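Coordinate analysis (summary)
If you want the building blocks of each chain, they are given just below.
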Amino acid sequence: VTDRNVAGTPHLGRLTTSFARAGVTAEIVTIEPGEAAKSWRGIEELCERILALGIDRRTVIVALGGGVIGDLAGFAAAILLRGLDVVQIPTTLLAQVDSSVGGKTGINSPQGKNLIGAFHQPRRVLIDPTVLLDLPGRELRAGYAELVKHALIRDSGLFEWLEENGPACLGGDVERMTTAIARSVSVKVEIVSRDEHEISGERALLNFGHTFAHAFETQAGYSSRLLHGEAVALGMAAAYALSVRLGLCPGQEAGRARAHLRAAGLPNRPAELGLAFPPEATLAAMRKDKKVAGGQLVFVLTRGIGMAELCPGVPEAEVLALLAADA
Ligand code: GLY
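Now for a quick tour of the structure.

1. Brief notes about the nonpolar core
Among the nonpolar cores identified, the biggest contains 69 residues, and Leu93, Leu147, Leu152, Leu162, Phe212, Phe299 and Val319 are the most heavily contacted of them. A per-element tally of this core places helix H10 (residues 228–245) first, with eleven residues. Core analysis: the second largest hydrophobic core is formed by 24 residues, Ile43, Ile55, Ala77 and Ile107 among them.

2. Describing the pattern of salt bridges
With the rule as written, the count across this model stands at 23 salt bridges. The closest approach of N and O atoms between arginine 287 and glutamate 316, which form a salt bridge, is 2.8 Å. Pair noted here: arginine 287 is in helix H12 (residues 279–287) and glutamate 316 is in helix H13 (residues 316–325), with a separation of 29 residues, a long-range link. Judged by relative accessible area, arginine 287 falls into the partly exposed class, the value being 41%. In this structure, a network of salt bridges that share partners links the residues Glu35, Lys38, Asp71 and Lys113.

3. Description of the packing of helix H6 (residues 137–154) against H10
Close contact between H6 and H10 brings their axes to 7 Å; oriented N to C, the two are set at 40 degrees. Between H6 and H10 lies a crossing of left-handed hand. Residues Arg138, Ala142, Ala145, Glu146, Lys149 and Leu152 of H6 lie in contact with H10, whose contacting residues are His228, Gly229, Glu230, Val232, Ala233, Met236 and Tyr240. Split into classes, the residues belonging to the contact of H6 with H10 amount to seven nonpolar, two polar and four charged.

4. Observations concerning the site of the ligand
Around the ligand, the neighbouring residues are Asp98, Lys104, Lys188, Arg203 and Leu206. Lysine 104 is positioned such that a nitrogen or oxygen atom in its side chain is 2.9 Å from an oxygen atom of the ligand. Lysine 188 is positioned with one of its side-chain polar atoms (N or O) 2.7 Å from an oxygen atom of the ligand. When the ligand is considered free in solution it has 200 Å² of accessible area, and contact with the protein chains removes 87% of it. Across the shell around the ligand, the residue classes tally to one nonpolar, no polar and four charged.

5. Focus on the packing of aromatic side chains
All told, the structure shown has four aromatic pairs when counted by the stated rule. Look at phenylalanine 216 and phenylalanine 277: their rings are 5.1 Å apart centre to centre, the planes differ by 20 degrees, and that puts the pair in the stacked class. Here phenylalanine 216 is found in helix H9 (residues 210–220), whereas its partner phenylalanine 277 is found in the loop between helix H11 (251–263) and H12, with 61 residues between them in sequence.

6. Considerations on helix H3 (residues 40–52)
The first and last C-alpha atoms of H3 sit 18 Å apart over 13 residues, in line with the 18 Å expected at 1.5 Å per residue. Every buried residue of H3 is accounted for by Gly42, Ile43, Leu46, Cys47 and Ile50. One side of H3 carries all its buried residues, which in axial view fall inside an arc of 125 degrees. Relative to its buried face, H3 has exposed residues pointing more than 90 degrees away, namely Trp40, Arg41, Glu44 and Ala52. Along its buried surface, H3 packs onto strand E2 (30–31), strand E3 (60–65), helix H4 (67–79) and strand E5 (104–109). Count one or two residues on from H3 and you reach glycine 54, which has phi positive near 80 degrees.

What counts, and at which threshold
Residues numbered from 1 in each chain as written. Predicted model: local features only at pLDDT ≥ 70, side-chain atom pairs only at ≥ 80, totals over all residues. Heavy atoms only, no water. Core = buried A, V, L, I, M, F, W, Y, C linked by side-chain atoms within 4.5 Å. Buried < 20%, exposed > 50% of the residue type's maximum accessible area, 1.4 Å probe, protein only. Helix = DSSP H or I, 4+ residues; strand = E, 2+ residues; numbered from the N terminus. Salt bridge = Lys/Arg side-chain N within 4 Å of Asp/Glu carboxyl O. Axes fitted to C-alpha atoms, helices over the stretch in contact; angles between N-to-C directions. Left-handed = near helix turned anticlockwise from the far one by under 90°. Contact = heavy atoms within 4.5 Å. Nonpolar A, V, L, I, M, F, W, Y, C, P; charged D, E, K, R; others polar. Near = heavy atom within 4 Å. Polar contact = N/O pair within 3.5 Å; in protein donor to acceptor, adjacent residues only side chain to side chain. Areas by Shrake-Rupley, 256 points an atom, 1.4 Å probe, with all protein chains shown as cover. Phe/Tyr/Trp six-rings, centres within 6.5 Å; stacked < 30°, edge-to-face > 60°. Expected span 1.5 Å × (residues − 1). Arc of directions from axis to C-beta.

Written out as structure tokens, the structure is:
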């Protein structure tokens, strides 16, 4: 399963040649690119097209593409014949370091993003960093925000390494990018294996920066004005500033995190992207977020680099003051 954009690159040909060499029969299902495919209609169409190919229980679904393809094809694999194996082959940095790993699959609802789906672990995730050489720089940087996120949550050693090597990774150094991806994915894998279904709260740490990010994206209309990874960069910068404000995190650590995002060409404040979000509207969007538990806002905040933690009960007045000061 792939989309029309990826089908126009050499990656699909490489994959089908490799299947043919291995004597594996493969059918290609190509869908239209874009988030709109992650809908009831999109999953219905995809499942029916796959069923029409005459599948059986040994059929393996292969998702070749970015996060939308991975989420949608993964969900189809979870429900077709009550569950087929899926192999994820992510072709964007964001999908390589985040969405292809950990088994979250699903579609959007008019009520919100990713509200319908299943945990369905891939049999295998194949990451080829050379496919990133074709990505537009803006998309690569946006994916890098999720890569850094894992370092900021739990791996200060990786963060130090990225301070040194991040610019080379973004500049097309495939060897160093491979190291960065492998180390970043390891952090996620470790967290997911301890809390696969997000019960104990540890997996929720992976939402670092996302309470702010989703509130910004909602206001930007989930459009190309603000890519998801850019929103995550803004959200992580805001989470550091809020952590300093609440006396959790030394200013110097927050400064390092924010400086690295900037060095990677990612924003710290919405104004840097020519965007302005009224603090009250941002807070209202946050109240609707999935991470509101028992009527309280729950943030992932931090005590420093690699030291994220879940923080329920953050006073709304502090959030508003931070948003006003850090716009
Ligand atoms: N992207 C967050 C998670 O997989 O839990």
